[in-house]
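A look at the structure
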Amino acid sequence: MSQTMNWDEVMDAWRKGVSMTMPLVGCPVRGVLDKISDKWSMLLIMYLAIKPMRFNQLRREIPDISQKMLTQTLRLLERDGLVTRTVFPTKPPSVEYALTDLGMSLVLPFGHLIEWANANHARIDEARAQFDGAEAA
């Protein structure tokens, strides 16, 4: 395959099972995937898909995320246009986070990935145990 393929050509080749070589340096899709596949982004998107939530609601739902990491991840999701932040003029001000239409468009693909992980986690654990056992021998 050509090194100058556009993304549509890559996806068509991938769907057809064609082997290809494509440079990943500077790939815009890689940058997007890196952002949404971090430790917390997918989880936050799935919780916000249920309903808009305030910061402390998210902290209660995901108790193992630190305040700093929750703030940082929400800011990055907002920067990418996946989450909106609405400040309400209460005392003290309250802030609510919600998915944008773009953020909602991730729910179905993430849902498929979660279903796949749920269906295959036992097989993955088994493969890891076999690998780790072979490494120890």
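See the structure printed just above.
Here's a quick rundown of the structure. (Residues numbered from 1 in each chain as written. Predicted model: local features only at pLDDT ≥ 70, side-chain atom pairs only at ≥ 80, totals over all residues. Heavy atoms only, no water.)

**A closer look at the overall build of the chain**
Note the threshold: To qualify as a helix, a DSSP run of H or I must reach at least 4 residues; to qualify as a strand, a run of E must reach at least 2; elements of each kind are numbered from the N terminus. Here, two residues are considered to be in contact whenever any of their heavy atoms come within 4.5 Å of each other. Note on areas: Shrake-Rupley, 1.4 Å probe, and residue coverage restricted to the protein chains presented here.
Along the backbone of the chain there are seven helices and three strands. Across the chain, helices and strands are ordered from the amino to the carboxyl terminus as α-α-α-β-α-α-β-β-α-α. In the chain, of all internal contacts separated by at least 6 residues, the share reaching a separation of at least 24 is 40%. For the chain, the accessible surface area stands at approximately 10,000 Å², while carbon and sulfur atoms represent 57% of it.

**Here we look at the environment of Leu 108**
Relative to the helices and strands, Leu 108 is located in helix 7 (residues 107–136). Sequence separation between Leu 108 and Met 46 is 62 residues; the distance between their C-alpha atoms is 9.7 Å.

**Thoughts on the pattern of salt bridges**
Selection rule: The term salt bridge refers to a side-chain nitrogen of Lys or Arg lying within 4 Å of a carboxyl oxygen of Asp or Glu. In this scheme, a residue with accessible area under 20% of its type's maximum is buried, one over 50% is exposed, and one in between is partly exposed, where area comes from a 1.4 Å probe on protein chains only.
In this structure the tally under the stated criterion is one salt bridge. For Asp 125, the salt bridge goes to Arg 128, with nearest N and O atoms at 3.9 Å. Note that Asp 125 and Arg 128 are positioned in helix 7 at a spacing of three residues, about one turn of the helix. By relative accessible area, which is 43% here, Asp 125 ends up partly exposed.

**What to know about a nonpolar patch on the surface**
This is how the line gets drawn: Here the term patch refers to residues with relative accessible area over 30% and no salt bridge, with like charges joined within 9 Å and nonpolar side chains (Val, Leu, Ile, Met, Phe, Trp, Tyr) within 5 Å.
Side chains of Leu 113, Trp 116 and Ile 124 sit close together on the surface and give an oily, nonpolar patch of about 290 Å² of accessible area. Checked against the element boundaries, Leu 113 lands in helix 7. In this structure Leu 113 comes out as partly exposed when scored by relative accessible area, which is 42%.

**Some details on the sheet that holds strand 3 (residues 94–99)**
We apply this condition: For two strands to be treated as a pair, DSSP must find at least two bridges joining them.
Read across the open sheet, the three strands follow the order 1-3-2; overall the sheet is antiparallel. Whereas interior strands pair on both sides, the edge strands pair on one side only; in this sheet they are strand 1 (53–54) and strand 2 (83–88). With six bridges joining them, strand 2 and strand 3 adopt antiparallel strand pairing. Bridging from a neighbouring strand, Thr 86 pairs with Glu 96 of strand 3.

**Regarding the side chain of Thr 100**
What counts here: We call two N or O atoms a polar contact when they sit within 3.5 Å, provided that within protein one can donate a hydrogen and the other can accept it, with sequence-adjacent residues counted only if both atoms are side-chain atoms.
Note that Thr 100 resides in the loop between strand 3 and helix 6 (101–104). Judged by its relative accessible area of 16%, Thr 100 is buried. In terms of polar contacts, Thr 100 uses its side chain to reach the backbone amide nitrogen of Gly 103, at 3.0 Å.

Read these as spatial facts, not as claims about activity.
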